[in-house]
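One letter stands for each residue in the lines below.
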Amino acid sequence: MKIGFDNEKYLRIQSEHIKERIAQFDGKLYLELGGKLFDDHHASRVLPGFKPDSKLRMFGQLRDSIEIVIVISAEDIEKNKIRADLGITYDEDVLRLREEFMSRGFMVGSVVLTHYDGQRTADQFRHRLERMDIKSYIHYPIDGYPHNVDLIASDEGFGKNDYVETERPLVIVTAPGPGSGKMATCLSQLYNENKRGIRAGYAKFETFPVWNLPLKHPVNIAYEAATADLNDVNMIDPFHLEAYDKIAVNYNRDIEIFPVLNALFEGIYGENPYKSPTDMGVNMVGFCISNDEVCCQASRDEIIRRYYAATNKMVNGADNENEVNKIRILFNQAKITTADRRVTVAANEMRQQTGHTSAAMELEDGTIITAKSSPLLGCSAALLLNVTKHLAHIGHEVKLIPQSMIEPIQKTKIEYLGGKNPRLHTDEVLVALSVLSQHDENCRLALAQLPQLRNCQVHSTVILSEVDHKIFKKLGCNLTCDPVKKK
């Protein structure tokens, strides 16, 4: 795919900028981390060239100066809150994140339990941490937070919280998900560091929206599409405009909370070192776009993908009509329709021509390959065969998997496993190819093409099974489906 982002420049200037921010204070900076530290696939999709682990690599250059604090809300533990993308509870994700960070050589100093009000499950989790020799601290609810500034910035507010002991100059504060209390944890530490004679700093590291791109730039619109379920809205930062007479983009929640943060900073330090919410950020992504049109096109594709994801959820029973309607409005702002996604058009044209459910894939060179369902294969399984044959220069008429092999698999699925759909899924086709590849050169060549499918665009005219979704995800394909259930 065409590259639109200079990843090496990003690694260099982002780390330098964070070092500069640390130096502005007494050599101590609490950095609230928004979004994902690793596996940031949204950023890599809208900024082609941005590596999913770029932030982790960038922080790797500062590894010896970094300490990570993981925050979790006691209320989320009590509710047994699930992280939707991984299907695990927030407390389990704390342990997963800790292992991930430590396996990459980062120091994880402690875990902070916020919103603690005597929850029994939080006590159990803290005992579990203790048995694992993991330091933990308690932060309490504060009446009137975040608006009751006099109480918050006092010994009865932040002063009641445990002081989190840290060793290193850069403390990254992260969490399993939103609403965990990261910002409050940072501000509580500023208050308690100040009591100890240390003027620590606070900054926020969020990739999106990109503050120095236009408000309606496709990259920023794509962020709104990605957070449509949270009802986030990109806005011109009015505080930045007033202070510097310069336009900067932020989002509604940070702008709304800034007057409160301003009062809290004044309560802690007597003054606020920042004149706007944009000032608090350290994001340098906007300076590393090397080809704006490539990023614009990638972002338009992402908006369309988000639309299909939202409509698929709605068809499957989710109450997310507002999310779908918001993305439709974003379509107008970006001046796009679903017809701007080439594989969507190709898959639907195939369906209209054949009368069968169909799928299409756009390869790296722009070639589009299509397939339809048959009595033997689902459309996604047929697509994988057609694509790998094309890439391996195998004639379309060649049958990689003989019917004599497919039929016994179908019989097992229906007669012995109680299935209703006899057609082979993508995983079953790949297993069959793997078995045959021991003695069939064409099958071996076809399998060898799978790495070339990474970042390719795929569309299906029906919502695919969970199995097919997972296979395309593992192959690194960007899949969308028409909001139509299989009959």
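Since the model is a prediction, treat every value here as computed from it, not as a measurement.

Thresholds applied
Residues numbered from 1 in each chain as written. Predicted model: local features only at pLDDT ≥ 70, side-chain atom pairs only at ≥ 80, totals over all residues. Heavy atoms only, no water. Helix = DSSP H or I, 4+ residues; strand = E, 2+ residues; numbered from the N terminus. Rg over C-alpha atoms; globule rule 2.2 N^0.38 Å. Contact = heavy atoms within 4.5 Å. Areas by Shrake-Rupley, 256 points an atom, 1.4 Å probe, with all protein chains shown as cover. Lys, Arg positive; Asp, Glu negative; His and termini not counted. Charge placed at Lys NZ, Arg CZ, Asp CG, Glu CD. Pairing = 2+ DSSP bridges. Axes fitted to C-alpha atoms, helices over the stretch in contact; angles between N-to-C directions. Parallel < 35°, antiparallel > 145°, perpendicular 65-115°, else oblique. Left-handed = near helix turned anticlockwise from the far one by under 90°. Nonpolar A, V, L, I, M, F, W, Y, C, P; charged D, E, K, R; others polar. Core = buried A, V, L, I, M, F, W, Y, C linked by side-chain atoms within 4.5 Å. Buried < 20%, exposed > 50% of the residue type's maximum accessible area, 1.4 Å probe, protein only. 1 Å grid on protein atoms, 1.4 Å probe; cavity = no way out; pocket = protein on both sides within 12 Å on 5 of 7 lines; lining within 4 Å. Points joined across faces, edges and corners; volume = space filled by probe spheres on them. Expected span 1.5 Å × (residues − 1). Bend = angle between axes of the 7 residues up to and from the residue.

**Student:** Tell me about the overall build of the protein, residues and numbers included.
**Tutor:** In terms of regular secondary structure, the protein is built from 20 helices and 14 strands. Scaling as 2.2 N^0.38, a compact globule of 487 residues should have a C-alpha radius of gyration of about 23 Å, and the protein matches this with 26 Å. Projected onto its principal axes, the C-alpha positions of the protein cover 80 × 55 × 40 Å. Of the contacts made within the protein by residues no fewer than 6 positions apart, 67% connect residues no fewer than 24 positions apart. Carbon and sulfur atoms make up 50% of the accessible area of the protein, which amounts to about 22300 Å² in all. The centroid of the 59 positive side-chain charges in the protein is displaced by 5 Å from the centroid of its 66 negative side-chain charges.

**Student:** Give me the sheet that holds strand S2 (residues 66-73): which residues, what numbers.
**Tutor:** Here we have six strands laid out as an open sheet, ordered S6-S5-S2-S7-S1-S8, and parallel in their pairing. Only two strands of the sheet have a single partner each, and these edge strands are strand S6 (136-138) and strand S8 (201-205). When strand polarity is set aside, the average angle formed by the axes of neighbouring strands in this sheet is 25°. Judged from the three bridges that link them, strand S5 (residues 107-114) and S6 form a sheet pairing that is parallel.

**Student:** For the packing of helix H13 (residues 292-315) against helix H14 (residues 321-334), give the residues involved together with the corresponding values.
**Tutor:** Where H13 meets H14, the closest approach of the two axes is 9 Å, and the angle between their N-to-C directions is 160°. Classed by the angle they form, the pair H13 and H14 counts as roughly antiparallel. For the crossing formed where H13 meets H14, the hand is left-handed. Of H14, the residues touching H13 (which contributes Arg300, Ile303, Ile304, Arg306, Tyr307, Ala310, Thr311, Lys313 and Met314) are Glu321, Glu323, Val324, Ile327, Arg328, Phe331 and Ala334. Across the contact of H13 with H14, the residue classes break down as nine nonpolar, one polar and six charged.

**Student:** Provide a residue-level description of the nonpolar core, including the pertinent values.
**Tutor:** Proteins that are soluble and globular tend to have nonpolar side chains buried together. Core analysis: the largest hydrophobic core is formed by 101 residues, its most contacted members being Leu47, Phe59 and Leu170. Sort the elements by how many residues they give to this core and helix H11 (residues 252-269) lands first, with eight residues. Among residues more than four places away in sequence, those in contact with Leu170 are Ile18, Ile22, Leu29, Leu31, Phe59, Leu62, Ser65, Ile66 and Glu67.

**Student:** Any chance you could break down unusual backbone geometry for me, citing the residues and the numbers?
**Tutor:** Backbone torsion omega between Tyr145 and Pro146 reads 10°, so that peptide bond is classified as cis. Among the secondary structure elements, Pro146 is positioned in the loop between S6 and helix H7 (149-152). Between Phe208 and the following residue, Pro209, the backbone shows a cis peptide bond with an omega angle of -10°. In this fold, Pro209 is placed in the loop between S8 and helix H9 (218-226). Its identity is not glycine, yet Asn231 carries a phi of approximately 65°, on the positive side. Relative to the helices and strands, Asn231 is located in the loop between H9 and strand S9 (234-236). Within the chain, Asp245 stands out as a residue other than glycine whose phi angle is a positive 55°. For Asp245, the position within the fold is in the loop between helix H10 (238-244) and strand S10 (249-251). For Asp245, a relative accessible area of 65% puts it in the exposed group.

**Student:** Provide a residue-level description of the layout of surface pockets, including the pertinent values.
**Tutor:** The calculated volume of the second largest pocket comes to roughly 470 Å³. Residues of the lining of the second largest pocket, tallied by class, amount to 10 nonpolar, four polar and three charged.

**Student:** Describe the sheet that holds strand S11 (residues 358-362), and please don't skip the residues or the numbers.
**Tutor:** Reading across the sheet, the four strands line up as S12-S11-S13-S14 and stay open at both edges, with mixed pairing between neighbours. The open sheet has two edge strands with one neighbour each: strand S12 (368-372) and strand S14 (478-481). Averaged over all adjacent pairs, the angle separating strand axes in this sheet is 15°, with direction ignored. The pairing of strand S13 (residues 457-460) with S14 spans four bridges and is parallel. From the neighbouring strand, Ser460 faces S14, where its bridge partner is Cys481. Here helix H16 (residues 379-391) sits on the sheet and contacts S11, S12 and S13; the angle it forms with S12, its principal contact strand, is near 140°.

**Student:** Break down H11 for me, citing the residues and quoting the values.
**Tutor:** If you check H11, its first and last C-alpha atoms are 26 Å apart, about what 18 residues at 1.5 Å a residue would give, namely 26 Å. Where H11 bends most, at Phe258, the angle is about 45°, and the proline Pro259 comes one to four residues later. The set of residues buried in H11 consists of Asn252, Asp254, Ile255, Ile257, Phe258, Val260, Leu261, Leu264, Phe265, Ile268 and Tyr269. Of the residues trailing H11, Gly270 is marked for its positive phi of about 90°.

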